[in-house]
Amino acid sequence: FPITFIEPEQINKEAIGLDLAHEKNRLEAIKRAQSSGEAQVTGPIVLVQDDKKTPGFLFYVPFFDVENNLEGLVYAPFIFKKFLKIC
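Attention in this report is confined to the structure presented alongside it. Since we're looking at a predicted model, the values are computed, not measured.

1. Points about the overall build of the protein
Here is step 1: Across its full length, the protein holds three helices and four strands.
Here is step 2: For 87 residues, the compact-globule formula gives about 12 Å, and the C-alpha radius of gyration of the protein, at 13 Å, lands near that figure.
Here is step 3: Along the longest, intermediate and shortest principal axes, the C-alpha atoms of the protein span 40 × 25 × 25 Å.
Here is step 4: Relative to all contacts within the protein whose residues are 6 or more apart in sequence, the contacts with residues 24 or more apart total 30%.
Here is step 5: Within the structure as shown, the protein displays about 5900 Å² of accessible surface, and the carbon and sulfur contribution to it stands at 58%.
Here is step 6: Side chains of the protein give 10 positive and 12 negative charges; the mean places of these two sets differ by 12 Å.

2. Concerning a positive patch on the surface
Here is step 1: The grouping of Lys 52, Lys 81, Lys 82 and Lys 85 at the surface amounts to a positive patch.
Here is step 2: Secondary-structure assignment places Lys 52 in the loop between strand S2 (45-46) and strand S3 (55-64).

3. What to know about the pattern of salt bridges
Here is step 1: Applying the stated criterion across every chain yields a total of two salt bridges.
Here is step 2: With a closest N to O distance of 3.4 Å, Arg 26 and Glu 23 form a salt bridge.
Here is step 3: Take Arg 26: its relative accessible area is 4%, and that puts it in the buried class.
Here is step 4: We classify Glu 23 as partly exposed; its relative accessible area is 24%.
Here is step 5: Its salt-bridge partner being Glu 28, residue Lys 24 comes within 4.0 Å of it at the nearest N-O pair. Linking Lys 24 with Glu 28, this pair stays in helix H2 (residues 24-36), spanning four residues, or about one helical turn.
Here is step 6: A relative accessible area of 34% places Glu 28 in the partly exposed class.

4. Some points on the side chain of Asn 12
Here is step 1: Here Asn 12 shows up in helix H1 (residues 9-12).
Here is step 2: Taking the relative accessible area as the measure of exposure, Asn 12 reaches 6% and is therefore buried.

Criteria and thresholds
Position labels on residues start from 1 in each chain and follow its written sequence. It should be noted that, the model being predicted, local features are given only for residues of pLDDT at least 70 and side-chain atom pairs only at 80 or more, the latter also being counted only at that level, while totals for whole chains, interfaces and linings use all residues. For the side-chain quantities, the full set of heavy atoms in the structure was used; hydrogens and water were omitted. For the purposes of this entry, the term helix denotes a DSSP run of H or I that reaches at least four residues, the term strand denotes a run of E that reaches at least two, and both are numbered from the N terminus. Radius of gyration here uses only the C-alpha atoms, and the compact-globule reference equals 2.2 Å multiplied by the residue count raised to the power 0.38. We call two residues contacting when some pair of their heavy atoms lies within 4.5 Å. Only the protein chains shown count as cover for residues, and the accessible areas themselves come from Shrake-Rupley with a 1.4 Å probe. We score Asp and Glu as negative and Lys and Arg as positive, and we do not count His or the chain ends. Charge coordinates come from a single atom per side chain, which is NZ of Lys, CZ of Arg, CG of Asp or CD of Glu. Distance thresholds for patches are 9 Å for like charges and 5 Å for nonpolar side chains (Val, Leu, Ile, Met, Phe, Trp, Tyr), applied to residues having over 30% relative accessible area and no salt bridge. Salt bridge, as used here: a side-chain nitrogen of Lys or Arg that lies within 4 Å of a carboxyl oxygen of Asp or Glu. Categorising residues by exposure relies on relative accessible area from a 1.4 Å probe, with only protein chains included: less than 20% of the type maximum marks a residue as buried, more than 50% marks it as exposed, and the intermediate range marks it as partly exposed.

This is the structure we're talking about:
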């Protein structure tokens with residue numbers, strides 16, 4: 001599940017090419033999204049675009065082909081501290 005496109009690219013460029021299956025929390029959320037067909041959130045992770053290495057998470061929304069096979073995921077990364085400031 002390599003990341004092939006992300007916006008805004010400039011602040012997220014380190015994520016391009018990263019395989020989302022490389023880490024347990026990321027992969028488990030992908031599997032849950034695939035089996036349920038619903039959006040999922042990872043457990044706590046460190047995002048590559050966070051130079052302070054604070055906790056974060058990914059929000060995945062799966063999309064499927066006409067035969068109901070997982071075609072890909074749309075996702076949003078959240079750095080926990082920044083997320084709390086917005087809320």
